[in-house]
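Structural description and commentary
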2 protein chains.
Amino acid sequence: MSKEITIYDIANSLKISPATVSRALNNHDAISTNTKALIHAKAEEMGYRSNKFASNLRKQKTNTIGVIVPRLNSTLMSTILAGMEKVANEAGYNLLITQSLESFKKEISNVKTMFNSRVDGLMVSVSYDTEGYEHFRSFIDKNIPLIFFDRTLDKSECLNIVIDNIKGGYDATKHLLEQGCKNIIHVTGNLKRNVYADRMRGYQQALAEFGVPFKQHNIFETDLTTEAGRKVVQAIKLSEEKIDGVFVTNDFCAVTCMGMLKKMGYSIPKDIAVVGFNNDPLTEIITPSLSTVYYPGKEMGEIAAKSMINHLNGLMDIGHTNYIVLKSELIVRDSSSRLPKN
Amino acid sequence: MSKEITIYDIANSLKISPATVSRALNNHDAISTNTKALIHAKAEEMGYRSNKFASNLRKQKTNTIGVIVPRLNSTLMSTILAGMEKVANEAGYNLLITQSLESFKKEISNVKTMFNSRVDGLMVSVSYDTEGYEHFRSFIDKNIPLIFFDRTLDKSECLNIVIDNIKGGYDATKHLLEQGCKNIIHVTGNLKRNVYADRMRGYQQALAEFGVPFKQHNIFETDLTTEAGRKVVQAIKLSEEKIDGVFVTNDFCAVTCMGMLKKMGYSIPKDIAVVGFNNDPLTEIITPSLSTVYYPGKEMGEIAAKSMINHLNGLMDIGHTNYIVLKSELIVRDSSSRLPKN
DNA sequence: TCATTTTTTGCAACCGATTGCATGAAATAA
DNA sequence: TTATTTCATGCAATCGGTTGCAAAAAATGA
C-alpha cells in the first residue's frame, strides 16, 4: 500500500510552498505559467491525487448530489436515474442514490443520511405514503437546493419537475371515448400522489366532456402490482355493467391486465380497449402493442440534474421557478385502435 | 441559513473538552454514562450534525462504496442495485453509482472518479468492450477492495460474484433439445464477456451431449436490442435449414423475437420454441409466457454488498475467495413446452 | 489517612487543502 | 538610479473531528 502523496510532498520536492502547489493545481491566475507546468508535471510524476475530504472540509462543498427514489428497479425510475447520472457525471458531480422502498419512514431516514452526507443538493421523488414535507425542513432551512421530480408534494415551494399528468389522463381517456368506449375503468396508484390524482382528474375531465357520468366504483386505487392487475380483471369479469375500456396508469400493470383478459376470452381492443402509461419499452413488443402515454424519463432526469447543477454553479436560481412541465403525449397502438387508421 | 453546530460549540456550552464530546458521540468506553447522556442531549438540543469531511479526513474512510454498472436502466442491473442499496444502507454505507454506458473509455473515467472520491470499496460489472483490468490497477495497488459481479474479467484475482452461466446455457439448450428441437439458434451478446461466452459454452455442451452438431452460423452475436431481434427473425425466415428453437440470452430480446415470429405466422412453441434469460418480470405477463433462466439479481446485489461490507469491517477477507456462484435455474413456461405436463 | 489502582477527562497534534494578507521580486515609470 | 506598480509566492490560520498520551478525579485497598 503505497503512501498517499499530498501537496506538501510536492511542495517539499520542489522547494516551494504548499499554497503555491494548491493554487497551481487549481489553475489560479496568480501562479505563473512556468510554475504551474512544473507543479503539474511533478504532481503527475508523483502520482498525486487530491484529497477530497480536506478540500470539502475547507470548501464546505461535496460535489455530490443526493437522489431519493421510491425504487431503483422500475423502468421509469432507472431511466430517470440514467439521465441524471449522465448529466451529473459530465459536470463533475457524483450521485448519491438511495431508495425509500415506498416507505415514508425510510424516506425520512434517507433524507437524514443525505443531510449528514452534506450533499450539495437533493432530488426526490416521494414515496407512496409520504405526508407533508416537514422532513425536508433541514434542507429548506439551510437553503440547500431541493428538487422534486415525477412524484411531487403539493404546496411545495421547491422546483418541481413533472409532466402534465392531467393532460395525460385526459388524452388517454378521451382517446378511449373516441374509440367508442362507453364504460371506462381507471386503474391507478395511491391517489395521495400528484401523478395519480392528476391523471384521474384528466380522466374525469374527459368523461365530463363526453357527457359520460363518472362512477366512483370505476376507480381502482391499487399498488399497481401484478396482483392488483389480477384483482381488477376479476372485477371486470364480475361486473354487471359491461366494461369496454381500461386506463391503467402503469404499463406493466396494463400488460398484466391485457394478458389475463385475453386468457379469459376478451378480444383487445374489440371487447375492451386498453391504454397504459409511461411508454415502457415492453409496450411495443407485446401483442397487441399497448397504447400508452409517453413519459420522458431520461429527459426528466437530465433536466432535473441540469437545473440542480446550474443552480449550484450560480447560473440559474431554482428558487424562482416552481414547475417545469415536460411534454408527454399519447401514443396510440393496437390495444386501443378500433377505428380504421386513415 | 443557520450556523453549523460543531463539537466545539457543544464543548463550550457544557464547559468540557471537544475530545470528550467526540468520544461521547462515538460511544467510546472511556466516557462515563452520565457525561454521554449529557452530551447527547445537548447535541440533540443544539441540532448538531457530524461533519463527515472532518471525520473522513481524519479517519481516511468515506463509508461510501462505489458501483459501476454498464447501464442503470436495465431490469437486471436496477434489481442488483436495489439489493446493494438495501444492504449498504442498513449497514450505514452509501452508494456512489455511475454507469459506463457500455463504453470502455467511460468505464476508465468512472474508475478514476471513484478513486478520487476515495470510495472504501468498488463493485463493478464491466462494459461491453472492456479489455483487461489495467484500469483497476490503482485500486489493486492501494489494496482497496474490488468486487466484480455479473460481468467479470478473466484471470482477475478479485472476488467475482456470478451465476453459473455455463449451466444456465446448458439447461436452457438441453431443455429445448428435450422438447424435440433439432436446430437451435443462439442469440447472445458480446462473446468477450464471460456471461455470454459461458452461456454459449453451455449451449455447445448440451448440443454435444445430444449429438447435435454445432454450427457457427447458428450463433448470433448481437447487442441484444430490439433491432438485433428484428435481424435475427429475418435470418430465421430466410434460413434454408428449418430453425425450431431459439435460445436468447436476454428476456427482452427474446420477447421481441417472439412477437415478430408470431406476427410472421410462426406458432410458439409448436414451430419454434423460445427460451430467454434473466427471468425479467415481463416473461410472466406476455403470451405465451417465456421460459427463461432465473437470475437472482437482488440476491447478487445483496451478497456483493454484504461481502464488501464484511470485508471492510474486518469480518471476512475477500482476498481469499475468488468466486461466489449463485444458484440459478431454468424456469419452464409456455414458450417452450411442447410435451404435455405430467 | 495515605498509597495504589481504575476510571474519566483534557491537551494538543494531526488529517490535507484552501485563502486572506503580507512580502519579496520583477517590471515599469519617473 | 530611484520610486512605484504589478506579479508571483509564502505565511499561517482555518475547516471540524479524532486519538495517543498525560493528567486529574474517583474508587479501592492497606
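Calculation rules
Residues numbered from 1 in each chain as written. Chains lettered and ligands numbered in written order. Predicted model: local features only at pLDDT ≥ 70, side-chain atom pairs only at ≥ 80, totals over all residues. Heavy atoms only, no water. Helix = DSSP H or I, 4+ residues; strand = E, 2+ residues; numbered from the N terminus. Rg over C-alpha atoms; globule rule 2.2 N^0.38 Å. Buried < 20%, exposed > 50% of the residue type's maximum accessible area, 1.4 Å probe, protein only. Contact = heavy atoms within 4.5 Å. Areas by Shrake-Rupley, 256 points an atom, 1.4 Å probe, with all protein chains shown as cover. Lys, Arg positive; Asp, Glu negative; His and termini not counted. Charge placed at Lys NZ, Arg CZ, Asp CG, Glu CD. Buried area = accessible area lost by both parts, 1.4 Å probe. Salt bridge = Lys/Arg side-chain N within 4 Å of Asp/Glu carboxyl O. UniProt positions renumbered as here; feature names shortened; annotations may be inferred. Pairing = 2+ DSSP bridges. Axes fitted to C-alpha atoms, helices over the stretch in contact; angles between N-to-C directions. Near = heavy atom within 4 Å. Polar contact = N/O pair within 3.5 Å; in protein donor to acceptor, adjacent residues only side chain to side chain. Left-handed = near helix turned anticlockwise from the far one by under 90°. Nonpolar A, V, L, I, M, F, W, Y, C, P; charged D, E, K, R; others polar. Least-squares fit on C-alpha atoms with pLDDT ≥ 70 in both. Phe/Tyr/Trp six-rings, centres within 6.5 Å; stacked < 30°, edge-to-face > 60°. Lys NZ or Arg CZ within 6 Å of the ring centre and 35° of its normal. Domains from an automatic or database assignment. Arc of directions from axis to C-beta.

**As for the overall build of chain A**
- Counting its secondary structure elements, chain A contains 13 helices and 12 strands.
- Here chain A has a C-alpha radius of gyration of 26 Å; the compact-globule value for 342 residues is 20 Å, and the former is much larger.
- Referenced to the eigenvectors of the C-alpha coordinate spread, the extents of chain A come out at roughly 90 × 40 × 35 Å.
- In chain A, which comprises 342 residues, the proportion classed as buried is 54%.
- Pairs at least 24 residues apart make up 74% of the contacts formed inside chain A by residues separated by at least 6 positions.
- When the accessible surface of chain A is totalled, it reaches about 14,900 Å², and 51% of it is carbon and sulfur.
- Separation of charge centres in chain A, based on 41 positive and 37 negative side chains, amounts to 4 Å.

**Some thoughts on the interface of chain B and chain A**
- At the interface, 50 residues of chain B touch 51 residues of chain A.
- Buried surface at the junction of chain B and chain A, both sides included, amounts to about 4,800 Å², of which 59% is carbon and sulfur.
- Three residues stand out in chain B for area buried against chain A, namely Arg49, Phe53 and Arg118 of chain B, and they jointly supply 17% of the buried area on that side.
- At the junction of chain B and chain A, the tally comes to 6 salt bridges.

**Describing the UniProt feature "domain: HTH lacI-type" (unreviewed entry) in chain A**
- Per the UniProt entry, the sites bearing "domain: HTH lacI-type" (unreviewed entry) are residues 5–59 of chain A in this numbering.
- Segment residues 5–59 of chain A splits into 69% helix and 0% strand. End C-alpha atoms: 20 Å apart.

**Some points on the sheet that holds strand S9 (residues 273–275) of chain B**
Residues and elements named next belong to chain B.
- If you walk across this open sheet you meet the 4 strands as S7-S6-S8-S9, and the pairing is parallel. The sheet is open, and its two borders are formed by strand S7 (219–221) and S9, each paired with just one other strand. In this sheet, adjacent strand axes meet at a mean angle of 15 degrees when their direction is disregarded.
- Sitting on the sheet, helix H8 (residues 165–178) is in contact with strand S6 (184–188), strand S8 (245–248) and S9, with an inclination near 165 degrees to S8.

**Comments concerning the protein's contact with DNA strand C**
- Near DNA strand C you find 27 residues, and of these Tyr8, Arg23 and Arg58 of chain A together with Thr20 and Thr35 of chain B are the closest.
- Backbone atoms, meaning sugar and phosphate, form 56% of the atoms of DNA strand C found within 4 Å of the protein.
- In the model, a phosphate oxygen of DNA strand C is placed 2.4 Å from a nitrogen or oxygen of the Thr20 of chain B side chain.
- Measuring from a phosphate oxygen of DNA strand C, one finds a side-chain N or O atom of Thr35 of chain B at 2.6 Å.
- Put simply, the parts of the chain that give the surface near DNA strand C at least two residues each are helix H1 (7–14), helix H2 (18–25) and helix H4 (52–59) of chain A together with helix H2 (18–25) and helix H4 (52–59) of chain B.

**Description of the packing of H1 of chain A against helix H3 (residues 33–46) of chain A**
Residues and elements named next belong to chain A.
- Two elements in contact, H1 and H3, have axes separated by 10 Å at closest approach and are oriented at 115 degrees. You can see that H1 and H3 cross each other, and the crossing is right-handed. Contact with H1, carried on its side by Asp9, Ile10, Ser13 and Leu14, involves Leu38, Ile39, Lys42, Ala43 and Met46 of H3 and no other residues of that element.
- Here the contact of H1 with H3 is composed, by residue class, of 6 nonpolar, 1 polar and 2 charged.

**Remarks on the side chain of Thr152 of chain B**
- The residue Thr152 of chain B is located in the loop between strand S4 (146–149) and strand S5 (159–163) in this model.
- In contact with Thr152 of chain B, other than residues within four places in its own chain, are Val126, Asn160, Val162, Arg193 and Asn194 of chain B.

**Quick word on the pairing of strand S2 (residues 94–99) of chain B**
Residues and elements named next belong to chain B.
- Within S2, 6 of the 6 residues are buried, which leaves the element mostly enclosed by the surrounding structure.
- Side chains Asn94, Leu96 and Thr98 project from S2 onto one buried face, and the interleaved Leu95, Ile97 and Gln99 project onto a second face that is buried too.
- As judged from the 6 bridges shared by strand S1 (residues 64–69) and S2, these two strands associate in the parallel manner. Paired with Ile65 across the strands is Leu95, a residue of S2.

**A word on the relation of the copies chain B and chain A**
- Once turned by 180 degrees and shifted 0.1 Å along the axis, chain B lies on chain A with an RMSD of 0.2 Å. Both copies are brought into coincidence by an operation consistent with a two-fold rotation axis.
- Mapped onto chain A, 100% of the interface residues of chain B are again interface residues, and the two copies thus contact each other with one and the same surface.

**Examining the packing of aromatic side chains**
- Per the counting criterion, the structure on display carries 10 aromatic pairs over all chains.
- With a centroid separation of 6.3 Å and 35 degrees between ring planes, the pair formed by Phe247 of chain A and Phe277 of chain A is classed as tilted. Taken together, the residues span a long stretch of sequence, with Phe247 of chain A in strand S8 (residues 245–248) and Phe277 of chain A in the loop between strand S9 (273–275) and helix H12 (282–285) at a distance of 30 residues. Accessibility assignment for this pair places Phe247 of chain A and Phe277 of chain A in one class, buried.
- Here the guanidinium or amino end of Arg49 of chain A rests over the ring plane of Phe115 of chain B, the centre of that ring lying 3.7 Å away.
- In this structure, Arg199 of chain A packs its charged tip against the face of Phe277 of chain A, placed 3.7 Å from the ring centre.

**Points about the domain arrangement of chain A**
- Structurally, chain A comprises domain 1 (7–50), domain 2 (59–164 + 297–326) and domain 3 (165–294 + 330–336).
- Between the C-alpha centres of domain 1 of chain A and domain 2 of chain A the distance comes to 37 Å.

**Quick notes on H1 of chain A**
All names here are of chain A.
- Ile7, Ile10 and Ala11 are the residues of H1 that are buried. Along the long axis of H1, the arc covered by the buried residues comes to 100 degrees, so they all point the same way. The outward face of H1, more than 90 degrees from its buried face, is lined by the exposed residues Tyr8 and Asn12.
- Looking at the buried side of H1, the elements it contacts are H2 and H3.
- N-capping of H1 is provided by Thr6, with a side-chain oxygen placed 3.1 Å from the backbone N of Tyr8.
- Positive backbone phi, at 60 degrees, marks Lys15, one or two positions downstream of H1.

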